[in-house]
Amino acid sequence: MSESEWQVARRRKGQARKCKSQVSLTSVHEQLDVEKVVKRIRTTVTELRCEEFWPKWKDELLMATSASAPAEKDVTEEHLQGRDDPPQCVCYGLGSFSSCAAARYQLAMLLLLLEVLQVSLKNCFVYDPIFSSGEQKVLRELGMTVLTENEEGKRPVTKPTLFYLMHCGKALYNNLLWKNWSVQGLSQLRIIGNSFNGMRERTMERVFKQEYSYISKAVELCEEKTLPCSSRMIDVFSDTAVITFPRHILLRAPQINWAESHEPEYKDCQDLEIILKTNQS
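Residues numbered from 1 in each chain as written. Predicted model: local features only at pLDDT ≥ 70, side-chain atom pairs only at ≥ 80, totals over all residues. Heavy atoms only, no water.

The name given to the protein in an unreviewed UniProt entry is SRR1 domain containing, with Oryzias melastigma as the source organism. As recorded by UniProt, the Sequence similarities (unreviewed entry) comment attached to the protein reads in full: "Belongs to the SRR1 family." (UniProt positions renumbered as here; feature names shortened; annotations may be inferred.)

Have a look at this one:
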């Protein structure tokens with residue numbers, strides 16, 4: 001990557017979500033040279049493959065996914081039915097990768113991770129309400145499946161699924177956890193995204209427990225493995241972790257933990273950091 005391009009990326013420090021959910025929906029309908037953008041992304045994939053921190057990402061992801069697999073004695077009929085299903089990945093909130101250097105590098109990293117986990121590109125489902133029609137064409141050209149509905153993160157899983165949520169807002173994580181709030185559901189989640197512990201440290205305790213109650217409770221139910229990055233990519237991959245929910249930890253939680261799971265509403269939240277269906281034009 002050129003020095004000038006990284007200077008652009010560095011000016012975004014502390015504003016990672018601005019090239020994601022806070023970009024105006026009406027400003028991203030520019031015409032793209034799809035072939036040129038695809039080529040640029042593939043070049044970025046090659047560049048990331050040569051980064052010193054890439055082998056660590058690869059190892060941590062493989063260890064996390066293998067460690068979170070159920071032990072033989074814990075295998076249920078549901079697990080057995082899902083063993084032959086192809087692995088899946090869901091990516092929300094990637095951002096405008098055609099104009100934002102950070103988002104392009106995050107997309108390139110996703111392609112590398114799919115390769116490591118042997119997830120077919122067609123089984124990687126991507127969505128961001130700010131994607132332009134040109135960016136959707138790029139993603140389809142890469143082989144990915146572009147979702148057409150804003151799920152707000154409320155996607156139930158029935159088999160092990162990787163969620164790639166780089167620098168997404170807390171509400172998206174909270175919604176995903178709510179939709180899968182059970183031992184069976186959480187044990188199927190593998191998340192690559194912002195550290196839950198980091199979210200807790202940066203958020204007022206009252207707000208964290210009230211508005212993001214599922215993340216607040218999930219902090220005690222998950223295992224996090226921090227992922228490294230080089231200093232020059234700190235704005236792209238900072239605060240990133242692999243998050244899993246081992247069944248032995250989930251099974252230790254008291255039953256009352258699963259008794260009620262009210263859908264999050266965020267009525268009093270001042271900075272929601274998510275584009276809701278009702279706010280889309």
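Next comes the rest of the write-up.
Participant: Please clarify how the environment of glutamine 188 should be interpreted in this entry.
Facilitator: Examined against the element boundaries, glutamine 188 turns out to sit in the loop between helix 8 (183–186) and strand 5 (189–194). Using a relative accessible area of 2% as the deciding quantity, one classes glutamine 188 as buried. It is 6.9 Å that separates the C-alpha atoms of glutamine 188 and valine 157, two residues lying 31 residues apart in sequence. (Helix = DSSP H or I, 4+ residues; strand = E, 2+ residues; numbered from the N terminus. Buried < 20%, exposed > 50% of the residue type's maximum accessible area, 1.4 Å probe, protein only.)

Participant: Can you walk me through the pairing of strand 5 in this structure?
Facilitator: For a regular strand, side chains alternate in direction, first toward one face of the sheet and then toward the other. With six of six residues buried, strand 5 lies mostly within the body of the structure. Pairing geometry for strand 4 (residues 161–165) and strand 5, over five bridges, is parallel. Paired with leucine 162 across the two strands is arginine 190, which belongs to strand 5. Looking at chain direction, strand 5 and strand 7 (residues 240–244) are connected through five bridges and run antiparallel. Counted as the bridge partner of arginine 190 is threonine 244 from strand 7. (Pairing = 2+ DSSP bridges.)

Participant: Can you walk me through the sheet that holds strand 1 (residues 88–92) in this structure?
Facilitator: In a beta sheet, neighbouring strands pair by backbone hydrogen bonds and run either parallel or antiparallel. Taking strand neighbours across the sheet as the criterion, the seven strands line up as 3-2-1-4-5-7-6 in an open arrangement whose pairing is mixed. Two strands bound the open sheet, and with one partner strand each, they are strand 3 (145–146) and strand 6 (223–226). Running at roughly 170° to strand 5, helix 7 (residues 170–179) makes contact with strand 1, strand 4 and strand 5 of the sheet. (Contact = heavy atoms within 4.5 Å. Axes fitted to C-alpha atoms, helices over the stretch in contact; angles between N-to-C directions.)

Participant: I would appreciate a short explanation of the pattern of salt bridges in the present structure.
Facilitator: Opposite charge on two side chains makes pairing possible when the charged atoms of those side chains draw close. Summed over the entire model, instances satisfying the criterion amount to 12 salt bridges. We note a salt bridge from lysine 170 to glutamate 273, for which the minimum N-O separation is 3.6 Å. Of this pair, lysine 170 sits in helix 7 while glutamate 273 is found in the segment after helix 13 (247–250), placing the two residues 103 residues apart along the sequence. One exposure class covers both lysine 170 and glutamate 273, and it is buried. Sharing partners across several salt bridges, the network here consists of Glu47, Glu51 and Arg232. (Salt bridge = Lys/Arg side-chain N within 4 Å of Asp/Glu carboxyl O.)

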